[in-house]
Amino acid sequence: MYLTGSRTAKRIQETRSTRERVPFNVKMLGTVSLLTDVSSEMLVAVVGYYLLNVLHETPTAIGFLDGLYNGIPALLAIPAAYLSDRWQRKKLLAGIGYGASAVTKLGFPVVGPSFGGLSGLLSADRFGKGLRSAPRDALISLSSPPQILGRSFGVHRMLDNIGAATGPLIASFVLLWTTRFGTERKAFDALFIISFCVAAIGLVVFCLYVTDHKDELRERSETSLRAAFGLLRQVWFIRTGVAVALLGLAWVSDTFVYLTLQHRMALSASEYALLATGTMGMFVLMAIPVGRLADRVGRWKVFVVGHLLLVIAYALLATNVPNGFLLVSALLLPGIAYAATDGVLMAYCGPRIPAALRTSGLAVMQSIGAVAGFVSSVAFGVAWSHTDPKTVMLWFSGAMAVAITVSTLLVSPWKDSSDG
């Protein structure tokens, strides 16, 4: 009788805890990410088209730049996270990162059609990304009660991807409107200037409304580099990191998904810009429901299922299904998959890492995925230069299926009772 009452009370307590409101700090961080992603995705949504159809760069060059764009955050993520934990100045470092990304937008009209100039500016933008991501995710993790971490990250990712879905819409409208009054290249210059203005607004919101989170450390050794890399001696961290690396190596960047669709359907610049809206729009719709599901049934289980959806999407891109069905599937399936993987991975790892090393630990995991993403983008670009994109998609679909199998053996989603 007593045990039954205790279990009932526990269930009531858990139900109440999962209904806790997402903290204001998380919502403000999400708002900043929304504005920053409007700015960034205005460019990311069209940069593949710009390089291939305006500058006439090769798939290998596009793969290298796309890999650089995804991989450079790994260069700063760990040192930025270490300094954030060491100094307990998470807001300062994240703010510098947001500011760096905003300032670089002013350089795009200046460098014009220079591939080297574009590469340098995109690299600088990604330096800002690498500087801010881990401190931002640590602020989310440390600002939220553990029992609603999945939902908090879901809310942040939802707001983040509202921006990611809105940016391409604005880009499509700007390109469609400005090309009527000038060349396609001048239309892109107008896009770059608008992108800077939106990023600057996001920086102002960050400075005014986001609050820092400082922990009183008993010993400074708690945040030494030795302590941070000591996480690599923990079995769960090693297994998770290897799994993330394998899945990242089989991942296809959105740039190549969209270029594959453009190659097949001969889309215009404004039409191409809209592709990202489909993927990010689905991410927005699914972020919170999937975050709640992950809290309830297990975060790693949802993470694995998300990658299974990518297998299906890549396989469809390699087939001759009707264009309408392909377009819907290739945009919506990755959107659901990203909702099931991005914030969910951080929510899975966060509670397992000591609070004093939370930023550094999350940064290491993000860096593993970023480096793997760099390699996969370069590999896809090189492969496309020697064959057609449909064949390459088939290869990556098979590689993802193998990576999922090995990852499930490394981190079994069915045995980890503490996962939820």
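Computed from a predicted structure; not experimentally measured.

**Considerations on the overall build of the protein chain**
A tally of helices and strands in the protein chain yields 18 helices and zero strands. For the protein chain, buried positions account for 56% of its 420 residues. Accessible surface, the protein chain as shown: approximately 17500 Å² in total, 67% of it carbon and sulfur.

**Side note on the side chain of Asp254**
Summarising the element assignment, Asp254 is placed in helix α12 (residues 254-265). Within the local environment of Asp254, its side chain forms a polar contact with the side chain of Tyr338, the two groups lying 2.6 Å apart. Residues in contact with Asp254, not counting those within four places in the same chain, are Met280 and Tyr338.

**Things to note about a nonpolar patch on the surface**
On the surface, a nonpolar cluster with roughly 450 Å² of combined accessible area is contributed by Phe24, Val204, Leu208 and Tyr209. No other element matches the three residues that helix α9 (residues 184-209) contributes to the nonpolar patch. Considering the arrangement of structural elements, one finds Phe24 in helix α2 (residues 24-54). Accessibility expressed as a relative area gives 52% for Phe24, which makes it exposed.

**Comments concerning the environment of Thr36**
With respect to the secondary-structure elements, Thr36 resides in helix α2. Leaving out residues up to four positions away in the same chain, Thr36 has contacts with Tyr98 and Arg132.

**Some points on the environment of Leu274**
The topology assignment puts Leu274 in helix α13 (residues 269-297). For Leu274, a relative accessible area of 37% translates into the label partly exposed. Note: C-alpha distance between Leu274 and Ser172 (102 residues apart in sequence) is 6.2 Å. Look past the residues within four positions of Leu274 in its chain and what remains in contact with it is Leu169 and Ser172.

**Topic: unusual backbone geometry**
Located in the positive-phi region is Ala266, a residue other than glycine, with phi close to 55°. Mapped onto the elements of the fold, Ala266 is located in the loop between α12 and α13.

**Some thoughts on the nonpolar core**
Counting 116 residues, the largest nonpolar core has Tyr314 and Met400 as the members making the most contacts within it. Of the residues forming this core, the biggest block, 15 residues, is contributed by α2. Once you skip the residues sitting within four places of it in the chain, Met400 turns out to touch Leu247, Ala250, Trp251, His307, Leu310, Val311 and Tyr314.

**Concerning α12**
Look at α12: 16 Å from first C-alpha to last across 12 residues, which is about the 16 Å you get at 1.5 Å a residue. Restricting attention to buried positions, one finds in α12 the residues Asp254, Thr255, Phe256, Val257, Tyr258, Leu259, Thr260, Leu261 and Gln262. Looking one or two residues beyond α12, the residue adopting positive phi is Ala266, at roughly 55°.

**Structural notes on the packing of aromatic side chains**
Going through the model one piece at a time under the given rule, you end up with 13 aromatic pairs. Residues Trp300 and Phe303 carry aromatic rings whose centres are separated by 4.7 Å and whose planes lie at 35° to one another, so their mutual orientation is tilted. With Trp300 and Phe303 both in helix α14 (residues 299-317) and three residues apart, this pair spans about one turn of that helix. In this structure Trp300 comes out as buried when scored by relative accessible area, which is 1%. You can call Phe303 buried: its relative accessible area is 4%. Members of the aromatic cluster, each reached through a chain of ring pairs, are Phe256, Phe380, Trp384 and Phe396. For Arg352, the ring lying beneath its charged end belongs to Tyr348, and the centroid distance is 4.0 Å.

**Considering the pattern of salt bridges**
Counted by the stated rule, this structure contains three salt bridges. Between Asp125 and Lys105 there is a salt bridge, with its nearest N and O atoms 3.1 Å apart. One end of the pair, Asp125, is in helix α7 (residues 115-143); the other, Lys105, is in the loop between α5 (90-104) and α6 (108-111), and 20 residues separate them in sequence. Across the pair, exposure class does not vary: Asp125 and Lys105 are buried alike. Of the charged contacts in the structure, one is a salt bridge between Arg136 and Asp137, with a shortest N-O distance of 3.1 Å. Note on accessibility: Arg136 and Asp137 belong to one class, buried.

**Digging into helix α18 (residues 389-410)**
For α18, spanning 22 residues, the distance from its first C-alpha to its last is 31 Å, which sits close to the expected 32 Å at 1.5 Å a residue. For α18, every residue scored as buried is listed here: Pro389, Val392, Met393, Phe396, Ser397, Met400, Ala403, Ile404 and Ser407. Viewed end-on, α18 has its buried residues packed into an arc of 145°, placing them on one side of the element. Of the exposed residues in α18, those oriented more than 90 degrees away from the buried face are Leu394, Trp395, Val402 and Leu409. Its buried side turned inward, α18 meets α11 (235-249), α12, α14 and α17 (358-386).

**Concerning the packing of helix α3 (residues 59-71) against α17**
Interaxial distance between α3 and α17 falls to 7 Å at its minimum, and their mutual angle equals 175°. By the angle between their axes, α3 is roughly antiparallel relative to α17. From α3, Pro59, Thr60, Gly63, Phe64, Asp66, Gly67, Leu68, Asn70 and Gly71 reach across to α17, where they touch Ala370, Phe374, Ser377, Val378, Gly381, Val382, Trp384 and Ser385. Across the contact of α3 with α17, the residue classes break down as eight nonpolar, eight polar and one charged.

**Things to note about the environment of Lys90**
With respect to the helices and strands, Lys90 occurs in helix α5. Along the backbone, Lys90 and Ala80 are 10 residues apart, and their C-alpha atoms lie at a distance of 9.1 Å.

**Details of the confidence of the model for the protein chain**
In low-pLDDT regions, the fine details of the predicted coordinates are not to be read closely. Put simply, the protein chain has an average pLDDT of 81, and 85% of its residues get 70 or more. Of the regions scoring below 50 in pLDDT, residues 1-18 engages in six contacts with residues more than four places distant in sequence or in other chains.

About the cut-offs
- Residues numbered from 1 in each chain as written.
- Predicted model: local features only at pLDDT ≥ 70, side-chain atom pairs only at ≥ 80, totals over all residues.
- Heavy atoms only, no water.
- Helix = DSSP H or I, 4+ residues; strand = E, 2+ residues; numbered from the N terminus.
- Buried < 20%, exposed > 50% of the residue type's maximum accessible area, 1.4 Å probe, protein only.
- Areas by Shrake-Rupley, 256 points an atom, 1.4 Å probe, with all protein chains shown as cover.
- Polar contact = N/O pair within 3.5 Å; in protein donor to acceptor, adjacent residues only side chain to side chain.
- Contact = heavy atoms within 4.5 Å.
- Patch = residues over 30% accessible without salt bridge, like charges linked within 9 Å, V, L, I, M, F, W, Y side chains within 5 Å.
- Salt bridge = Lys/Arg side-chain N within 4 Å of Asp/Glu carboxyl O.
- Core = buried A, V, L, I, M, F, W, Y, C linked by side-chain atoms within 4.5 Å.
- Expected span 1.5 Å × (residues − 1).
- Phe/Tyr/Trp six-rings, centres within 6.5 Å; stacked < 30°, edge-to-face > 60°.
- Lys NZ or Arg CZ within 6 Å of the ring centre and 35° of its normal.
- Arc of directions from axis to C-beta.
- Axes fitted to C-alpha atoms, helices over the stretch in contact; angles between N-to-C directions.
- Parallel < 35°, antiparallel > 145°, perpendicular 65-115°, else oblique.
- Nonpolar A, V, L, I, M, F, W, Y, C, P; charged D, E, K, R; others polar.
- pLDDT = per-residue confidence, 0-100.

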